[in-house]
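# Observations on the model geometry
Here's the letter readout for the chains.
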Amino acid sequence: MNVLINISNPEDYKFFARMNDYFDENGWNVEYLANNLAIWFYLKINFKKVYVLKKSKKIQNTQDFSQSFSALTGRLTADECGVVYNSYYDFLSEKYKSRKWDVIVIPSGRLIGQLAIKDFSKKYKIKTIYVGYGNIPNRTFVDPAGTDMQSYLYKYPEILDEYDLDYKEYENWKNTYLKNKFEQHVIGQARKINVGFYLKKVIQVVACYLERWFQLTSENSYTYKNIFDVKKVSHKFDELDPSCEYYFFPMQVSTDAQIILNYDKDSVIEALKEAINMASKDKVKLIVKPHPAEIDYKTLSELKEMHENKLFTLVNDNTFELIKGAKRVITVNSTVGLESMIVGTPVTFLGNSFYSSFDHDRLARYVMNYLIKIEYFSSNKISNNDVNHFFSRAK
């Protein structure tokens, strides 16, 4: 089996490194395609066969990339997106002649280079696997067509009906899951703005300069100005009145692809305004909880100003307690929507989400059958059965 795995960050590699024993035992030829110089170097010191791409002058695609995720989030300009896309496509076209990959694995599929990989794989009928955080303990999202709205599951949610379901097993899982979440709710993506955070930014920016110097492709085109473009915003949280009726709006990260690509108003603040209007119309309070991974100064500043104008109650309580006490949860399309369905609280999805097509049975089948039972953020070896299950999703 010849496999190409696209890698964007160290967490991606650490996930697949847990499959190394399986790859070696079965004689698989596994290669990595790094999205940037820093990741290329990281994989090199781990003795992996990894490619980093030179910028290509060949024109493979002349489409407008201004509405791509990479351009909309400021990672690259539209013109830079075109160069990256064409460089990826050119590299894959040449290298495939000798490598003949059977499967290409693509984390998320949102970045511009990943779009090129997707288009190339489709043209040459190479099987693909897309990977996303399951955001449920011991679960990883694996799909043959993409993540979120781009996934095979979004297009065909009825595939969940084909799975056998052990209701008792699901109820046992649900009871344990909720017990743990009500005791302590930790979000894996939480980020702190500290010395370590700025050090990572410095490394990222230095890598961007080196990539430009050596004419390498990169999914980011940052400069030294980006090192300190993140500022702290302090919030004064309110006490929640346990006797009031409320809707709960959990904030999503402003640069989340769910917001950028899968919501027609393109802004988490616009979604918050929708939630404010819904709560006002139904004459209930709106409770808002900031996302712990949000670092965008503009978003945090707008949130603070709206809070100071008393448009909602801002809290930092346990998310599951907030879900349980809510009359309704309003979200664009976040995992909190899924968590609310597990709790049994009604949910309104403002954006596109396959969760909105779930009834009780599909919800249970999604958790117990569609999500693969692998913890993404772990150092434990992934079992042979789970590796087989992972790669069986390729189409």
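The structure displayed is predicted, hence computed values, not measured ones.

### Notes on the overall build of the chain
When helices and strands are tallied, the chain shows 16 helices and 11 strands. The C-alpha atoms of the chain give 22 Å as radius of gyration, which agrees with the globular expectation for 395 residues (21 Å, within 12%). Principal-axis analysis of the C-alpha atoms gives the chain an extent of 65 × 50 × 35 Å. Long-range pairs, those at least 24 residues apart, make up 71% of the contacts in the chain between residues at least 6 apart in sequence. The centroid of the 53 positive side-chain charges in the chain is displaced by 5 Å from the centroid of its 48 negative side-chain charges.

### Brief notes about the environment of Lys48
If you trace the backbone, Lys48 turns up in the loop between helix H3 (37–44) and strand S3 (50–51). For Lys48, a relative accessible area of 22% gives the class partly exposed. Placed 176 residues apart in sequence, Lys48 and Tyr224 show a C-alpha to C-alpha distance of 30 Å. With residues up to four places along the chain from it excluded, the contact list for Lys48 reads Tyr13, Asn20, Tyr32 and Leu43.

### Quick notes on the nonpolar core
Counting 29 residues, the largest nonpolar core has Phe16, Met19, Tyr32, Val105, Ile129, Phe390 and Phe391 as its most contacted members. Residue assignment for this core shows that the elements contributing at least two residues are strand S1 (2–7), helix H1 (10–17), helix H2 (20–25), strand S2 (29–34), H3, strand S4 (103–107), strand S5 (127–133) and helix H16 (384–391). Discounting residues that sit within four places of it in the chain, Val105 has contacts with Val3, Leu4, Ile5, Asn6, Phe16, Ile129, Val131, Phe390 and Phe391. If you look at the next biggest cluster of nonpolar residues, it comprises 26 residues, including Ile136, Tyr170, Trp173 and Met368.

### Focus: the packing of aromatic side chains
As enumerated under the stated definition, the model contains 38 aromatic pairs in all. Plain terms: the ring middles of Tyr89 and Phe120 are 5.7 Å apart, the flat faces sit at 85° to each other, and that makes the pair edge-to-face. Note that Tyr89 is positioned in helix H5 (residues 78–99) and Phe120 in helix H6 (residues 112–123), a separation of 31 residues in sequence. Overall, Phe120 belongs to the buried group, its relative accessible area being 0%.

### Considering the pattern of salt bridges
One pass over the structure, following the stated rule, counts 13 salt bridges. A salt bridge links Glu31 to Lys49, with the nearest nitrogen and oxygen atoms 3.3 Å apart. One end of the pair, Glu31, is in strand S2; the other, Lys49, is in the loop between H3 and S3, and 18 residues separate them in sequence. What makes Lys49 partly exposed here is its relative accessible area of 41%.

### What about the sheet that holds S4?
Strand order in the open sheet made by the six strands is S3-S2-S1-S4-S5-S6, with mixed pairing throughout. Each edge of the open sheet carries a strand with a single partner, namely S3 and strand S6 (140–143). One ladder, built from three bridges, connects S1 with S4; its direction is parallel. Paired with Leu4 across the strands is Ile104, a residue of S4. On the sheet, H5 packs against S1, S2 and S3 and is oriented at approximately 165° with respect to S2.

### Describing a nonpolar patch on the surface
Among the surface-exposed residues, Val202, Val206, Leu210, Trp213 and Phe214 lie close enough to one another that they form a single nonpolar patch of about 500 Å² accessible area. By relative accessible area, Leu210 is classed as partly exposed at 37%.

### A word on the pairing of strand S10 (residues 328–331)
Looking at chain direction, strand S7 (residues 246–250) and S10 are connected through two bridges and run parallel. Within S10, the residue paired with Phe248 across the bridge is Val329. Pairing between S10 and strand S11 (residues 347–349): three bridges, direction parallel. If you follow Ile330 over to S11, its bridge partner there is Thr348.

### Quick look at the packing of helix H14 (residues 335–343) against helix H15 (residues 360–370)
One can describe the packing of H14 onto H15 by two numbers: an axis separation of 11 Å at closest approach and a directional angle of 115°. For the crossing formed where H14 meets H15, the hand is left-handed. Only Leu363, Tyr366 and Val367 of H15 make contact with H14, whose side of the interface consists of Leu338, Met341 and Ile342. Tallied by class, the residues present in the contact of H14 with H15 amount to six nonpolar, no polar and no charged.

### A short note on the sheet that holds S11
Spatially, the five strands line up as an open sheet ordered S9-S8-S7-S10-S11, and their pairing is parallel. Looking along the sheet, the strands with just one partner apiece sit at the ends: strand S9 (313–314) and S11. The strands that H14 touches are S7, S10 and S11; relative to S11, the one it contacts most, it runs at about 155°.

### Observations concerning unusual backbone geometry
Backbone phi values are negative for most residues with the exception of glycine, while trans is the configuration of most peptide bonds. The backbone phi angle of Lys125 is positive, close to 55°, even though this residue is not glycine. Along the chain, Lys125 falls in the loop between H6 and S5. A positive phi angle is found at Gln215, which is not glycine, with a value near 60°. Tracing the sequence through the fold places Gln215 in the loop between helix H9 (195–213) and S7. On the basis of relative accessibility, which here comes to 43%, the residue Gln215 falls in the partly exposed class.

Conventions used here
Residues numbered from 1 in each chain as written. Predicted model: local features only at pLDDT ≥ 70, side-chain atom pairs only at ≥ 80, totals over all residues. Heavy atoms only, no water. Helix = DSSP H or I, 4+ residues; strand = E, 2+ residues; numbered from the N terminus. Rg over C-alpha atoms; globule rule 2.2 N^0.38 Å. Contact = heavy atoms within 4.5 Å. Lys, Arg positive; Asp, Glu negative; His and termini not counted. Charge placed at Lys NZ, Arg CZ, Asp CG, Glu CD. Buried < 20%, exposed > 50% of the residue type's maximum accessible area, 1.4 Å probe, protein only. Core = buried A, V, L, I, M, F, W, Y, C linked by side-chain atoms within 4.5 Å. Phe/Tyr/Trp six-rings, centres within 6.5 Å; stacked < 30°, edge-to-face > 60°. Salt bridge = Lys/Arg side-chain N within 4 Å of Asp/Glu carboxyl O. Pairing = 2+ DSSP bridges. Axes fitted to C-alpha atoms, helices over the stretch in contact; angles between N-to-C directions. Patch = residues over 30% accessible without salt bridge, like charges linked within 9 Å, V, L, I, M, F, W, Y side chains within 5 Å. Areas by Shrake-Rupley, 256 points an atom, 1.4 Å probe, with all protein chains shown as cover. Left-handed = near helix turned anticlockwise from the far one by under 90°. Nonpolar A, V, L, I, M, F, W, Y, C, P; charged D, E, K, R; others polar.

Remember that the coordinates give geometry; whether it matters functionally is a separate question.
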